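Coordinate analysis (summary)
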Amino acid sequence: WLFFKLIEIVRDVFNISFDSSDLISSDTDNICLHLRQGKNTIIRGKHNSGNRLLNVRLDYNRTFSKQEDKSKNGSWTISMRPDYTLSIWPGETEELNAEEDNTIVHIHFDAKYRLEKLLINDLKDRNIDKVLDEEKADREIDVYKRGDLLKMHAYKDAIRRTGGAYILYPGIQRKED
């Protein structure tokens, strides 16, 4: 769900046309549809903001390998592979040149599905100290969102020319009575 939602948001915000047939393949009988394997660029296009032309690229599982040459894309330390990377650079510049000129910015997103929502109403029949102890235990075994936050800091600090790294937690939306 997050995969398709992010595609929709990037397409709409940057007004880039997108053909999903690049991502979908079918079996020989055309009965089953599958996401194509091994294809990491999802959306690529140009966005005209009115006074500036921008290149926009959205990747799935793009690898940023350790690179000694600081003018190249990559990581300062070890290979990193965020779930999604949105890259933006000047429209009249090639991507490799934008890396060399430091005119590109990468924004990383990771989908996490393990956040538990704690509501005040849920605490009415429970001991608050017990709830907080359980939360602390979850943090210590890295089940808690703290580990996810540390991973975002690692992306931000390790991948060159990163402007931000964000966790995407799918949630629920309650209808008002």
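Here is a short report on the structure shown in this document. A quick note: this is a predicted structure, and the numbers were derived from the prediction, not measured.

The mixed open sheet is built from 5 strands, whose spatial order is β3-β4-β5-β6-β7. With partners counted over all chains shown, the strands left at the sheet margins are β3 (41-48) and β7 (162-168), one partner each. Between one strand axis and the next, the sheet turns through 15° on average, direction left out of account. Here strand β6 (residues 105-111) pairs with β7 via 6 bridges, running parallel. Bridged to Ala111 within β7 is Leu168.

A separate point is unusual backbone geometry. Keep in mind that most residues, glycine aside, have a negative phi and that most peptide bonds are trans. A positive phi angle, near 55°, is found at Asn61, a position not held by glycine. Mapped onto the secondary structure, Asn61 falls in the loop between β4 (53-60) and β5 (84-90). In this structure Asn61 comes out as partly exposed when scored by relative accessible area, which is 25%. Notably, Arg161 is not glycine yet its phi reads approximately 60°, a positive angle. Here Arg161 falls in the buried class, since its relative accessible area comes to 15%.

Looking now at the pattern of salt bridges. Under the defined criterion, the tally for this structure stands at 10 salt bridges. For Glu68, the salt bridge identified is with Lys66, shortest N-O distance 3.7 Å. Relative accessible area serves as the criterion here: at 46%, Lys66 is assigned to the partly exposed category. Salt bridges sharing partners connect three or more residues here, namely Arg57, Asp59, Arg62 and Glu95.

For β4, a buried count of 6 out of 8 residues is recorded, marking the element as mostly surrounded by other parts of the structure. Joining the antiparallel neighbours β3 and β4 is a turn of 4 residues, in which Gly50 adopts a positive phi near 105°. In this structure, β4 lies alongside β5, joined through 7 bridges in antiparallel fashion. Across the sheet, residue Leu54 finds its bridge partner in β5, namely Pro90.

Its place among the elements puts Ala158 in helix α4 (residues 145-158). Between the C-alpha atom of Ala158 and that of Ile78, which follows or precedes it by 80 residues, the distance is 7.8 Å. Beyond its immediate chain neighbours, meaning those up to four positions away, Ala158 contacts Gly74, Ser75, Trp76, Thr77 and Met80.

Calculation rules
- Residues numbered from 1 in each chain as written.
- Predicted model: local features only at pLDDT ≥ 70, side-chain atom pairs only at ≥ 80, totals over all residues.
- Heavy atoms only, no water.
- Pairing = 2+ DSSP bridges.
- Helix = DSSP H or I, 4+ residues; strand = E, 2+ residues; numbered from the N terminus.
- Axes fitted to C-alpha atoms, helices over the stretch in contact; angles between N-to-C directions.
- Buried < 20%, exposed > 50% of the residue type's maximum accessible area, 1.4 Å probe, protein only.
- Salt bridge = Lys/Arg side-chain N within 4 Å of Asp/Glu carboxyl O.
- Contact = heavy atoms within 4.5 Å.

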